[in-house]
Protein chains: 2
Amino acid sequence: MKLHPITAESFAIIDAEIGPHTLTDSEYRVVRRVIHSTADFEYKDLLRFEHGAIEQGVQALRAGIPVVVDVQMVKSGVTGVALTNPLYCALDAGTMPGPGETRTEAGLNALVKRFPQAVYVIGNAPTALHALARAIHRGDARPALVVAVPVGFVQVVQAKAAIGKLAVPQIRVEGRKGGSPVAAGIINALASLAFGEDDEKRAAQI
Amino acid sequence: MKLHPITAESFAIIDAEIGPHTLTDSEYRVVRRVIHSTADFEYKDLLRFEHGAIEQGVQALRAGIPVVVDVQMVKSGVTGVALTNPLYCALDAGTMPGPGETRTEAGLNALVKRFPQAVYVIGNAPTALHALARAIHRGDARPALVVAVPVGFVQVVQAKAAIGKLAVPQIRVEGRKGGSPVAAGIINALASLAFGEDDEKRAAQI
């Protein structure tokens, strides 16, 4: 339940430099973890928490609900931490893509069929986020939480906007920024909120 | 040898928005790949290329020299791309840490003994970068290239400064920023320079 000294020191630096904000305590804990993994204070203003995202995410993790991520880098970032939930990676699902479909999108669609109520974490592939938005819109997916943080210049802002229009619990990064460390930071923060800090264990593994 | 249309479109957007700079053509290709993976234009001003870094890195990759990374997230980011070099991960090396030593540091020291002239890529663990700097200083390591881009608030700036003092080919991010996508972006850019663009293959895998 104790923070590793280096994590505690990092958090103290962020606390000292963050400046004024209107985040709730648990929102700030998520934001701080993302800044810790990127050294980018812009995330204070870019993260959105909507439709009871943190409460729903914490409850889902505690309930042992599966976590579906888009790519291996995100999976690597959450493996070995407090998280004990089943973890699936869309890109590893081995699903053959249909015409005009990416492998991540095909894998995501296959996982939506198996786990319509999972926690979905998209750190890279806007095509996967678009596919998830369509599945939610059709009523085929009812995620406990969507972490919508792909990074990039093409279709990223649009995919985030498509999710943003849906009344689904979501943590989103506005604009082009995001990526695997952001996605992993959010899930690790939620795991800390759900199960207590586990940085001694995490740090010992690094 | 062709860029995937989405990568080409992303690169065109970055080209249009980058503004004036004094980077060489190959330096710019590395910077652009890092901006592509982070959507953070600050990297234009934060990346340093010293002691013939790009030439040495390209030559090492072409010569089939091993690449040693610090953590799994970096490994995930470079796996399956153009890179065909042997790839080792310090944290996966399974070396038992000594007193006061992190697992990454212990793994790195073990890999330095096996591959003193490898390409070393540190995206996360400042302890591993410090250990590498000490090994170079002692003459136990003579890396073909060091990619020195750990991210964070504690010991990160100091570890980068320790590498910066050494006359070793290096690509470095000044300050606190960096991380796995930055490290992977740099290696993927060098692989493109060494072996040609391979984004059709990469994109087909995502």
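Coordinates for the structure precede this section.
The shown structure was predicted, so the numbers you read here are calculated from the model rather than taken from an experiment. (Residues numbered from 1 in each chain as written. Chains lettered and ligands numbered in written order. Predicted model: local features only at pLDDT ≥ 70, side-chain atom pairs only at ≥ 80, totals over all residues. Heavy atoms only, no water.)

Trainee: How would you explain the relation of the copies chain B and chain A if you had to name every residue and give the values?
Mentor: Each copy of the sequence occupies a distinct position, and chain B is placed on chain A by a rotation of 180° and an axial shift of 0.0 Å, giving an RMSD of 0.0 Å. As the rotation angle and translation indicate, the two copies are arranged about a two-fold axis. Using C-alpha coordinates, one finds that chain B approaches the rotation axis most closely at B:Met73, a distance of 2.6 Å. Most of the interface of chain B is mirrored in chain A, where 100% of its interface residues again form contacts. (Least-squares fit on C-alpha atoms with pLDDT ≥ 70 in both. Contact = heavy atoms within 4.5 Å.)

Trainee: A description of the sheet that holds strand β4 (residues 119-122) of chain A should follow, citing residues and the corresponding values.
Mentor: Residues and elements named next belong to chain A. Strand order in the open sheet formed by six strands is β1-β6-β5-β4-β2-β3, and the pairing between neighbours is mixed. Only two strands of the sheet have a single neighbouring strand rather than two, namely β1 (47-50) and β3 (87-89). Neighbouring strand axes in the sheet, compared pairwise and without regard to direction, differ in orientation by 15° on average. Here strand β2 (residues 67-69) runs beside β4; their pairing, made up of three bridges, is parallel. Residue pairing across strands places valine 68 opposite tyrosine 120, the latter belonging to β4. (Pairing = 2+ DSSP bridges. Helix = DSSP H or I, 4+ residues; strand = E, 2+ residues; numbered from the N terminus. Axes fitted to C-alpha atoms, helices over the stretch in contact; angles between N-to-C directions.)

Trainee: Can you break down the packing of helix α2 (residues 25-38) of chain B against helix α9 (residues 180-195) of chain B residue by residue, with the values?
Mentor: All names here are of chain B. The geometry of α2 relative to α9 is characterised by a closest axis approach of 8 Å and an angle of 140° between their N-to-C directions. Classified by the interaxial angle, the pair formed by α2 and α9 is oblique. In the crossing of α2 with α9, the sense of the turn from one axis to the other is right-handed. Of the residues in α9, those touching α2 at Ser26, Arg29, Val30, Arg33, Val34, Ser37 and Thr38 are Pro181, Val182, Gly185, Ile186, Ala189, Leu190, Ser192 and Leu193. Residues of the contact of α2 with α9, tallied by class, amount to eight nonpolar, five polar and two charged. (Parallel < 35°, antiparallel > 145°, perpendicular 65-115°, else oblique. Left-handed = near helix turned anticlockwise from the far one by under 90°. Nonpolar A, V, L, I, M, F, W, Y, C, P; charged D, E, K, R; others polar.)

Trainee: Got a sec to walk through the interface of chain B and chain A? Specific residues and values, please.
Mentor: Between chain B and chain A, the contact holds 33 residues from the first and 33 residues from the second. Taken over both partners, the interface formed by chain B and chain A buries close to 2,700 Å², and the fraction arising from carbon and sulfur atoms is 67%. Connecting chain B to chain A are four salt bridges. The tally of links between chain B and chain A comes to three residue pairs in polar contact (both at pLDDT 80 or more). Only α1 (5-17), α2, α5 (72-78), α6 (103-114), α9 and α10 (199-205) of chain B provide two or more residues apiece to the side of chain B that touches chain A. (Buried area = accessible area lost by both parts, 1.4 Å probe. Salt bridge = Lys/Arg side-chain N within 4 Å of Asp/Glu carboxyl O. Polar contact = N/O pair within 3.5 Å; in protein donor to acceptor, adjacent residues only side chain to side chain.)

Trainee: Explain the packing of aromatic side chains to me, and be specific about the residues and the numbers.
Mentor: The way to describe two aromatic rings as a pair is by their centre distance and the angle between their planes. Inspection of every chain in the model, using the stated rule, returns four aromatic pairs over all chains. On the numbers, 6.0 Å between centres and 80° between planes, the contact of A:Phe153 with B:Phe41 is edge-to-face. In this pair, A:Phe153 sits in the loop between β5 (145-148) and α8 (156-164) while B:Phe41 sits in the loop between α2 and α3 (43-46), so the two residues belong to two different chains. Among the residues examined, B:Phe41 registers a relative accessible area of 23% and is labelled partly exposed. (Phe/Tyr/Trp six-rings, centres within 6.5 Å; stacked < 30°, edge-to-face > 60°. Buried < 20%, exposed > 50% of the residue type's maximum accessible area, 1.4 Å probe, protein only.)

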